[in-house]
Amino acid sequence: GGLAAWGVPVIGCGHSARRTEVLKARTLGVGVAGALIRTFLITGGALLQLLTLRAEGWQLFWALSVIGLSARLSLQTLAVVSKPSHQGSGAVFLKAMKGWRGAAGFCLSIATLTALSSLYSPRGTLAAAGAAVLIGLAIAIMGWRCFGGAGGDLLGAAVEFGRLGALLALVAVLLHAGS
């Protein structure tokens with residue numbers, strides 16, 4: 001999946017034949033399961049931290065909404081600044097997100113996050129959204145350097161890592177505010 005492919009650009013930069021072999025080895029190896037398990041464990045631990053804050057139900061709903069929107073913001077950031085690296089389903093999405101569609105989606109996500117920030121924690125919302133945008137940019141840079149653009153795997157990685165980064169940033173801010 002997209003999450004497991006995140007490690008591939010780090011290993012796979014360089015000669016295209018070598019990159020292809022690394023992609024094959026990485027996809028068939030244990031790395032996919034290991035990456036998913038680690039992400040689920042980190043996400044579960046961060047969600048448990050949210051529960052230890054003794055938040056009310058609406059606050060947990062707010063936090064999960066901010067995290068979900070921030071994950072989409074990471075995807076939108078990657079889509080707006082990247083070009084397709086090859087033909088595939090990811091290329092169709094990246095082409096569709098160019099121009100007014102990408103800008104409108106990005107602005108709509110920012111507007112919704114701004115509205116959510118007025119409900120509970122503006123700093124937490126800003127930290128989650130900022131982390132997601134930075135992760136989207138980092139994945140775009142890696143995709144550009146190693147593959148000449150982005151594909152479906154990197155789009156998936158942007159969502160998963162954007163969600164994880166937003167969750168960790170939000171929990172850090174809320175824990176700091178609670179202490």
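Residues numbered from 1 in each chain as written. Predicted model: local features only at pLDDT ≥ 70, side-chain atom pairs only at ≥ 80, totals over all residues. Heavy atoms only, no water.

1. A look at the environment of Leu119
Moving on, step 1. Here Leu119 lies in the loop between helix 6 (100–117) and helix 7 (122–147).
Moving on, step 2. Through-space distance from the C-alpha of Leu119 to that of Trp58 is 9.8 Å; in sequence the pair is 61 residues apart.
Moving on, step 3. Not counting residues up to four positions away in its chain, the partners in contact with Leu119 are Trp58 and Trp62. (Helix = DSSP H or I, 4+ residues; strand = E, 2+ residues; numbered from the N terminus. Contact = heavy atoms within 4.5 Å.)

2. Some points on the packing of helix 4 (residues 57–81) against helix 7
Moving on, step 1. Running from amino to carboxyl end, helix 4 crosses helix 7 at an angle of 30°, the nearest separation of the two axes being 8 Å. Relative to helix 7, helix 4 is oriented roughly parallel. The two elements helix 4 and helix 7 meet at a crossing, and its hand is right-handed. Taking contact as the criterion, the partners of Trp62, Val66, Ser70, Leu73, Ser74, Thr77, Leu78 and Val81 in helix 4 are, on helix 7, Thr125, Ala128, Ala129, Ala132, Val133, Ile135, Gly136, Leu137, Ile139 and Ala140.
Moving on, step 2. Grouping the constituent residues of the contact of helix 4 with helix 7 by class yields 13 nonpolar, 5 polar and no charged. (Axes fitted to C-alpha atoms, helices over the stretch in contact; angles between N-to-C directions. Parallel < 35°, antiparallel > 145°, perpendicular 65-115°, else oblique. Left-handed = near helix turned anticlockwise from the far one by under 90°. Nonpolar A, V, L, I, M, F, W, Y, C, P; charged D, E, K, R; others polar.)

3. Quick look at the pattern of salt bridges
Moving on, step 1. Taken as a whole, this structure holds 1 salt bridge when the rule is applied.
Moving on, step 2. In this structure, Glu160 and Arg163 form a salt bridge, with 3.4 Å as the shortest nitrogen-oxygen distance. With a gap of 3 residues between them, Glu160 and Arg163 both fall in helix 8 (residues 152–178), about one helical turn apart. (Salt bridge = Lys/Arg side-chain N within 4 Å of Asp/Glu carboxyl O.)

4. Section: the confidence of the model for the protein
Moving on, step 1. The predicted model of the protein has a mean per-residue pLDDT of 78, with 76% of residues at 70 or higher.
Moving on, step 2. Across the protein, the element-wise mean pLDDT spans from 44 in helix 1 (residues 7–12) up to 92 in helix 7.
Moving on, step 3. Taken together, the stretch residues 1–30 has pLDDT below 50 and engages in 42 contacts with residues farther than four places along the chain or on a different chain. (pLDDT = per-residue confidence, 0-100.)

5. Details of the packing of aromatic side chains
Moving on, step 1. One pass over the full model with this rule turns up 2 aromatic pairs.
Moving on, step 2. Measuring from ring centre to ring centre gives 5.6 Å for Trp58 and Tyr120, while their planes differ by 85°; the resulting arrangement is edge-to-face. Taken together, the residues span a long stretch of sequence, with Trp58 in helix 4 and Tyr120 in the loop between helix 6 and helix 7 at a distance of 62 residues.
Moving on, step 3. Exposure remark for Trp58: the relative accessible area of 40% places this residue in the partly exposed category.
Moving on, step 4. Under the relative-accessibility criterion, Tyr120 is labelled partly exposed at 36%. (Phe/Tyr/Trp six-rings, centres within 6.5 Å; stacked < 30°, edge-to-face > 60°. Buried < 20%, exposed > 50% of the residue type's maximum accessible area, 1.4 Å probe, protein only.)

6. Concerning the packing of helix 4 against helix 6
Moving on, step 1. Two numbers describe how helix 4 lies on helix 6: the axes approach to 10 Å, and their chain directions differ by 155°. Here helix 6 runs roughly antiparallel to helix 4, going by the angle between their axes. Crossing of helix 4 over helix 6 shows left-handed handedness. Touching Trp62, Ser65, Val66, Leu69, Ser70, Leu73, Gln76, Thr77 and Val80 of helix 4 are Gly102, Gly105, Phe106, Ser109, Ile110, Thr112, Leu113, Leu116 and Ser117, all from helix 6.
Moving on, step 2. Broken down by class, the residue content of the contact of helix 4 with helix 6 amounts to 9 nonpolar, 9 polar and no charged.

7. Digging into helix 6
Moving on, step 1. Across its 18 residues, helix 6 extends 25 Å between first and last C-alpha, which sits within 8% of the 26 Å expected from 1.5 Å per residue.
Moving on, step 2. Every buried residue belonging to helix 6 is among Gly102, Gly105, Ser109, Leu113, Leu116 and Ser117, and all of these are buried. The arc enclosing the buried residues of helix 6, seen along the axis, measures out at 110°, which places them on a common side. The exposed residues of helix 6 that point more than 90 degrees off its buried face are Trp100 and Leu108. (Expected span 1.5 Å × (residues − 1). Arc of directions from axis to C-beta.)

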